[in-house]
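Structure assessment
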Amino acid sequence: MSHKLRFALWVGLLTLFVVGLFAAFGAALWADLDPAQRDALRAMVLARPTLPVLFFLLLPFVLGGLLKWAMAAYPVAAARLAEEVTLIHTVNPEHRVTPDGGPELRRLATAVNAFAEAHSGLHKQVQSRIEEANLRIEEEKNRLAALMAELAQSVLVCNREGRILLYNARAAQLLEGADADPDAAPVGLGRSIFGLLDKSQIVHALEKIGRRLEQHGTQPGAHFVTARGDQLLRAQMAPVLDREGAVGGFVLMLEDITRSIETDSRRNFLLQQLTEGTRASLANIRAAAETVQQYPDMDAERRQRFTEVIRDEAEQLSARLDATLAHDDQALGTQWPLEDMLATDLVYALQRNFEGGLGVVATMQGDEEPFWLSVDSHALVQALTQVMGRIVSTFGTRAVRLELTGAGRFVRLSLLWNGPALSPDTLRDWEEQPFSLGAGGHVATLKQVLDRHGAEMWSQADRAAGANRLCLQLPAARPGRVAAGPAVVPGRPVYYDFDLFSQAGQTPELDERKLIDLTCTVFDTETTGLSPSDGDEIISIGAVRIVNGRLLKQECFDRLVRPRRPVRRESEKIHGISAQMLAGQPVIEQVLPMFRRFAEDTVLVAHNAAFDMRFLQLAREQTGVEFDQPVLDTLMLSALAHPGRADDEHRLEQIAARLGIPVIGRHTALGDAIVTGEVFLKLIPLLAERGIHTLKQARDASQQTLYAKLEY
């Protein structure tokens, strides 16, 4: 029910009450009059019949005026006073109450302002001490920033759910540079590392670290190599341990090894080519030279013939060397780096994959001696899981035994199961079938994985054990210490003031998340006009992110968009974007997919969001890009925080002034997005005062405001 309708209802009820009082008083008075007095009163009323009608017509207006004055002087003024006091003690200590209402409320407002002045003085003293402490923290932060800026490697720190807490400029350059995948998500605080790197590789590395922590290993780090677009990256992972010694997060150090691997492959290829191509020539030269040496008395003609053989073979050898060096730019196969690990850790990873992915019960048996292997554990586990999956689908096997044995310079891993035997022809067919190495779309065959490791695989029947056996023989690594990995980072405060280690990732329970804990994309658009349904289009999108209650101005999105229709003159006067500025800019089909990647996995926030969302909805038909995440509107949230204010007091400039936020860059998409983000953060404690704490509560309450009915 609107305020006007509620006020009219109160006036009507008050009028009926007053009329009832008059009627009761008149009836009592009429009963006390004698007949002559009654006749005189009746004659007076009949002489001026308009007076009673005029009285009853004016009565509602008189009562309405008195009621409005009384409400403005006391209930409305008291409610406004309560709102302004809340502003002072929550978000804007410099705000002062405007004395209004009755004399008592005016004196109370003056007293509140005096108290606010005293509170402001104390607040400034506390702030000065906080600033001193912040300066010391800032110095530490700058030292860390300088240290990370000087690191030759790219560094990212993530929480246990894979959300990025910290990264240096080299990481952003590596993952967003010219060689990076253009369709991949951008790097940013609070974003998921799984949108940048293959999730299966990271999860596999974390499982290895967890296994070493269970065994009380001294250096529970992990190494792996992953492909990202055309890049080949070497990753070193170190755990960040919490107080209980569990993995609370991890540090990733990345290095682009694409060119070094290509160089190593080219060198190995040349060595192989020279070795195979020169063996025959060297043998002929050696044979001719030994013959001349064994028969020093041979005639001159025969000696000349052997000399020509040596010369011809030497010339051929020289020509072959020149040809090899001249053709070293051809495409060469990439060698994938391997890492040292215990064979039991490999078996443990296989057990987890077999049981979790295939539902196969896997048990381990064999020697307890610690065998070392040099392997690409992720590729090997994926390959053997594929083979086990085919055994399950072909023979219906539901249980397997994993056996480790030493065989001289080799380590033999056997898979034993009861049931039909695997034929050599079937195994050869399986070796040629490709399988996926992870979410990055990279595929390989079992034969390629075996060749990479110098391994052999065969099947045989084990009559003694009464089972069939699939054997994998791998070269043993030299036993010794594991190569030193990155040091373990102890659990300690994060210098960048982000406490995301305990923050949950994106879950279906997003509606129950507190507003302060949401990861948001605050955005604004500038358009050719104000009528999206009449064909007006977006010409600028600006956005900034909120992570862990902080506005990240350094992680922003700001793009101009070339429209298909001219900009209206009245709109250009507001935002200042001219046709010349839009010439040569990308069209909406190019910009909107980039904005979707920037805003993915976040809650959208805008001021008067219905306007901006209508433009995005209409652009979906052209681009196929849909924004289906939750949306919060600061216009509605302001109406919830300050329900008694007029419509113009919920404009962005008015809200910002009320909350003590400076407005810079008004009517630019990015500038308005930054102001909207600061307004949103200031509104959160005001909403909490009214019992609105979670995303669901904010959305449900917003639907009850008048602004929820706006359409464009």
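Predicted model only: the values in this text are computed from it and were never measured. (Residues numbered from 1 in each chain as written. Predicted model: local features only at pLDDT ≥ 70, side-chain atom pairs only at ≥ 80, totals over all residues. Heavy atoms only, no water.)

**Observations concerning the overall build of the protein chain**
- For the protein chain, the helix and strand inventory stands at 21 helices and 20 strands.
- Across the 712 residues in the protein chain, those meeting the buried criterion constitute 40%.
- Within the protein chain, contacts between residues separated by at least 24 positions form 68% of all contacts whose residues are at least 6 apart in sequence. (Helix = DSSP H or I, 4+ residues; strand = E, 2+ residues; numbered from the N terminus. Buried < 20%, exposed > 50% of the residue type's maximum accessible area, 1.4 Å probe, protein only. Contact = heavy atoms within 4.5 Å.)

**What to know about the confidence of the model for the protein chain**
- A residue-level look at the protein chain finds 83% of positions with pLDDT of 70 or above and a mean pLDDT of 80.
- Scored below 50 in pLDDT, residues 480–506 makes 68 contacts in the model with residues more than four places away or belonging to other chains. (pLDDT = per-residue confidence, 0-100.)

**A few points about the sheet that holds strand 13 (residues 456–462)**
- Here we have five strands laid out as an open sheet, ordered 7-9-10-14-13, and mixed in their pairing. A strand with exactly one partner marks an edge of an open sheet, and here the two such strands are strand 7 (361–366) and strand 13. Strand-to-strand twist across the sheet, computed as the mean angle between neighbouring axes with direction ignored, equals 25 degrees.
- With eight bridges joining them, strand 10 (residues 410–417) and strand 14 (residues 467–475) adopt antiparallel strand pairing. In the sheet register, S414 faces strand 14, and the bridge partner there is C471.
- Helix 11 (residues 377–395) rests against strand 9 (399–407), strand 10, strand 13 and strand 14 of the sheet, and its axis sits at about 165 degrees to strand 14.
- Across the sheet, helix 12 (residues 424–432) is in contact with strand 13 and strand 14; its angle to strand 13 comes to roughly 150 degrees. (Pairing = 2+ DSSP bridges. Axes fitted to C-alpha atoms, helices over the stretch in contact; angles between N-to-C directions.)

**Considering the packing of helix 10 (residues 343–358) against helix 11**
- At their nearest, the axes of helix 10 and helix 11 sit 10 Å apart, and the two run at 45 degrees to each other. Our classification of the angle between helix 10 and helix 11 gives oblique. The two elements helix 10 and helix 11 cross, and the hand of that crossing is right-handed. Residues L346, A349, L350, N353, F354 and L358 of helix 10 lie in contact with helix 11, whose contacting residues are S377, L380, V381, Q382, L384, T385, M388 and G389. (Parallel < 35°, antiparallel > 145°, perpendicular 65-115°, else oblique. Left-handed = near helix turned anticlockwise from the far one by under 90°.)

**Structural notes on the pairing of strand 4 (residues 231–241)**
- Within strand 4, 10 of the 11 residues are buried, which leaves the element mostly enclosed by the surrounding structure.
- Sheet analysis places strand 3 (residues 222–228) next to strand 4, joined by seven bridges and oriented antiparallel. Bridge assignment links H223 to a residue of strand 4, and that residue is Q236.
- Hairpin connection of strand 3 to strand 4: two residues between the antiparallel strands, including G229 at a positive phi of 65 degrees.
- As judged from the nine bridges shared by strand 4 and strand 5 (residues 247–256), these two strands associate in the antiparallel manner. Residue pairing across strands places A235 opposite L254, the latter belonging to strand 5.
- Connecting the antiparallel pair strand 4 and strand 5 is a turn made up of five residues, with G245 showing a positive phi of about 85 degrees.

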